[in-house]
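# Chain and residue survey
One-letter residues, chain by chain:
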Amino acid sequence: MALFERGKAGHGASWAAAGMLAAGLEAEPGEQALLQLNRASQAMWPDFAAELERASGMSVNLRREGTLMLALTRDDAARLKFNFDFQRSLGIDVEWLTAGEARKREPYLSPHLAAAIFSPDDHQVDNRLVVTALTRAFTAAGGALREDTAVDEVAMTDGRVTGLRSGGALHPADTIVLAAGAWSHEIAGLPPAAKPPVRPVKGQMLALQMDPAAPLMRHVVWAAKAYMAPRLDGRLIVGATVEERGFDPHLTAGGMLALLEGAWRAIPGIEELPIVEQRVGFRPGSRDDAPILGDSGIAGLVYATGHYRNGILLTPITARAVAHYIMTSETETAIAPFRHDRFRVRTPA
Ligand SMILES: Cc1cc2nc3c(=O)[nH]c(=O)nc-3n(C[C@H](O)[C@H](O)[C@H](O)COP(=O)(O)OP(=O)(O)OC[C@H]3O[C@@H](n4cnc5c(N)ncnc54)[C@H](O)[C@@H]3O)c2cc1C
């Protein structure tokens with residue numbers, strides 16, 4: 001088993017992410033099938049994290065304080081109430097908090113706070129520790145980690161995958177999992193119909209440094225224009241813009257301003273914190289913004305891509321369902337709505 005990575009493993013979108021496991025608060029109208037998948041994966045996280053920690057010998061800092069979603073004005077509160085009713089109608093466990101109740105949980109929240117939702121099941125994990133642990137577990141299990149080794153193309157013979165080419169060499173393989181994130185559409189060698197319809201969705205993020213012994217906050221906090229995820233080492237991840245700009249790698253003044261202003265309106269005390277990182281990442285967004293998992297219709301080619309804004313959340317269920325598919329050729333019910341063939345144009349009989 002080998003993993004080909006043209007840079008350093010886990011340093012794509014998975015490095016830029018905030019690590020929120022937010023199946024509940026991410027729920028949007030019209031995405032019921034995705035909500036089921038997100039919730040199933042969310043439920044798997046505690047066991048997955050424990051197994052990964054055992055296999056890698058390191059912690060991934062799964063934090064289970066839950067998430068607060070804020071309304072800072074009366075208009076915001078009306079929108080928040082709409083979200084709250086929608087989440088409750090889907091059976092998501094959310095609690096409505098007055099400003100005073102929210103401030104009991106997070107004392108540094110803005111004095112202008114109007115109301116908040118508390119979502120006890122929307123946790124977070126340190127995604128950088130997760131990818132580091134995954135690479136350790138992979139090599140410990142005998143996997144060959146080939147970093148700085150780009151895949152030039154997938155090799156095919158008589159309509160089936162026979163391996164891949166990298167640096168002029170052919171690496172034979174019975175099965176290839178296409179998991180190149182926002183670049184998944186660009187991998188050469190596949191027939192056009194087999195290229196997953198994935199585009200990059202740019203996200204700018206930054207990190208502030210809190211005193212880990214006296215952090216400004218413990219929960220993940222979502223405000224109108226920014227969310228904040230506090231790490232145990234004191235880093236406060238502030239994210240993220242959502243931009244349709246292809247692979248534009250630039251941080252912009254407007255992007256940083258929106259994030260800092262959004263975070264500052266929620267927790268004014270961030271104003272004193274040093275900025276320790278700014279970064280752009282590219283979410284792999286599919287045509288319907290849902291992942292593309294499992295069967296490709298081509299012998300030997302399996303998809304694990306298109307995870308868009310929930311790739312960290314969806315890690316456990318993707319790992320389980322893709323492994324199951326490779327071992328048995330069966331598609332788990334949970335991922336059946338996310339097969340690639342949903343994009344095929346059907347001609348009327
Ligand atoms: C700012 C931001 C915040 C986010 N926050 C969250 C969050 O809080 N929670 C959550 O669940 N999700 C979040 N996401 C989404 C999540 O990060 C992605 O869905 C997930 O990381 C996608 O993982 P991936 O492995 O498919 O892609 P990536 O992590 O991008 O990995 C793809 C890898 O493929 C490699 N590659 C590409 N082409 C080739 C080639 N030809 N040969 C070899 N290697 C190649 C790349 O170098 C890259 O390392 C966020 C994303 C962004 C950008």
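Residues numbered from 1 in each chain as written. Predicted model: local features only at pLDDT ≥ 70, side-chain atom pairs only at ≥ 80, totals over all residues. Heavy atoms only, no water.

### Some thoughts on the overall build of the protein chain
What counts, and what does not: In this text, helices come from DSSP runs of H or I with a minimum length of four residues, and strands from runs of E with a minimum of two, each type numbered from the N-terminal end. Radius of gyration here uses only the C-alpha atoms, and the compact-globule reference equals 2.2 Å multiplied by the residue count raised to the power 0.38. When accessible area is computed with a 1.4 Å probe and restricted to protein chains, residues below 20% of their type maximum are described as buried, those above 50% as exposed, and intermediate ones as partly exposed. Contact definition: two residues touch when any of their heavy atoms are within 4.5 Å. Each accessible area is a Shrake-Rupley estimate made with a 1.4 Å probe; only the visible protein chains count as cover when residues are assessed. Counting rule applied: Lys, Arg positive; Asp, Glu negative; His and chain ends not counted. For charged residues, the charge sits on one atom: NZ in Lys, CZ in Arg, CG in Asp, CD in Glu.
On a plain count of helices and strands, the protein chain comes out with 7 helices and 18 strands. On C-alpha atoms alone, the protein chain measures out to a radius of gyration of 21 Å, which is about the 20 Å that the 2.2 N^0.38 rule sets for 349 residues. Dimensions of the protein chain, computed from C-alpha atoms along their principal axes, come out at roughly 65 × 50 × 40 Å. A buried classification covers 49% of the 349 residues belonging to the protein chain. Taking as baseline every contact in the protein chain between residues at least 6 positions apart, the subset at least 24 positions apart corresponds to 72%. If you sum the accessible surface of the protein chain, you get close to 16300 Å²; carbon and sulfur atoms cover 54% of it. In the protein chain, 36 positive and 40 negative side-chain charges are present, and the distance between their average locations comes to 1 Å.

### Quick word on the sheet that holds strand β8 (residues 153-157)
Using the following cut-off: If DSSP finds at least two bridges between two strands, the strands pair. In this analysis an axis means a line fitted to C-alpha atoms, helices contributing only their contacting stretch, and an angle means the value between N-to-C directions, from 0 to 180 degrees.
Taken in spatial order, the 3 strands of this open sheet run β8-β9-β10, and their pairing is antiparallel. The open sheet has two free edges, formed respectively by β8 and β10 (169-172), since each of these has just one partner strand. When the angles between neighbouring strand axes are averaged without regard to direction, this sheet yields 40°. Pairing between strand β9 (residues 160-166) and β10: 4 bridges, direction antiparallel. Each residue of the ladder has a partner; that of serine 166, found in β10, is alanine 169.

### Focus: the nonpolar core
Our working definition: Only buried residues count toward a nonpolar core, which is a set of Ala, Val, Leu, Ile, Met, Phe, Trp, Tyr and Cys residues joined through side-chain atoms within 4.5 Å.
Counting residues in each nonpolar core, the largest one holds 28 residues, and the members touching the most others are Met228 and Ile270. For this core, the secondary-structure elements that each account for two or more residues are β3 (67-71), α4 (99-105), β5 (115-119), β12 (198-209), β15 (235-239) and α6 (253-266). Here the element with the most residues in this core is α6; it accounts for 4 residues. Leaving out residues up to four positions away in the same chain, methionine 228 has contacts with Met217, His219, Val220, Val221, Leu236, Ile237, Val238, Ala263, Ala266, Ile267 and Ile270. Formed by 23 residues, the second largest nonpolar core is a distinct cluster that contains Ala27, Leu35, Ala207 and Ile237.

### Side note on the site of the ligand
The condition that has to hold: Each residue is tested against the molecule or strand, and it is near if at least one of its non-hydrogen atoms lies within 4 Å. Polar contact criterion, stated in full: a pair of N or O atoms within 3.5 Å, where within protein one must be able to donate a hydrogen and the other to accept it, and residues adjacent in sequence count only if both atoms are side-chain atoms. For this scheme, ten residues count as nonpolar: Ala, Val, Leu, Ile, Met, Phe, Trp, Tyr, Cys and Pro. Four count as charged, namely Asp, Glu, Lys and Arg, and the remainder, Gly too, count as polar.
As a matter of local geometry, the ligand sits amid 30 residues, with Glu5, Ser14, Val151, Tyr308 and Leu313 nearest to it. Alanine 13 has a polar backbone atom sitting 2.9 Å from an oxygen atom of the ligand. Interatomic distance of 3.0 Å between a backbone N/O atom of glycine 311 and an oxygen atom of the ligand. Compared with its free state, where it exposes 1000 Å², the ligand has 91% of that area covered by protein. Secondary-structure elements contributing two or more residues to the shell around the ligand are α1 (13-16) and β16 (275-286). Along the lines of polarity and charge, the residues of the shell around the ligand split into 17 nonpolar, 9 polar and 4 charged.

### Examining the pattern of salt bridges
This is how it is decided: By definition, a salt bridge exists where a carboxyl oxygen of Asp or Glu is found within 4 Å of a side-chain nitrogen of Lys or Arg.
For the coordinates displayed, the defined rule picks out 22 salt bridges. Between arginine 309 and glutamate 26 there is a salt bridge, with the nearest N and O atoms lying 2.4 Å from each other. Within this pair, whereas arginine 309 is found in the loop between β18 (301-305) and α7 (315-328), its partner glutamate 26 is found in the loop between β2 (20-21) and α2 (32-56), the two being separated by 283 residues in sequence. In this structure, glutamate 28 engages arginine 309 in a salt bridge whose closest nitrogen and oxygen atoms are separated by 3.6 Å. Here arginine 309 lies in the loop between β18 and α7 and glutamate 28 lies in the loop between β2 and α2, a separation of 281 residues in the sequence. Residue classification places glutamate 28 among the partly exposed positions, given a relative accessible area of 38%. Here the residues in one salt-bridge network are Glu26, Glu28, Glu31 and Arg309, joined through shared partners.

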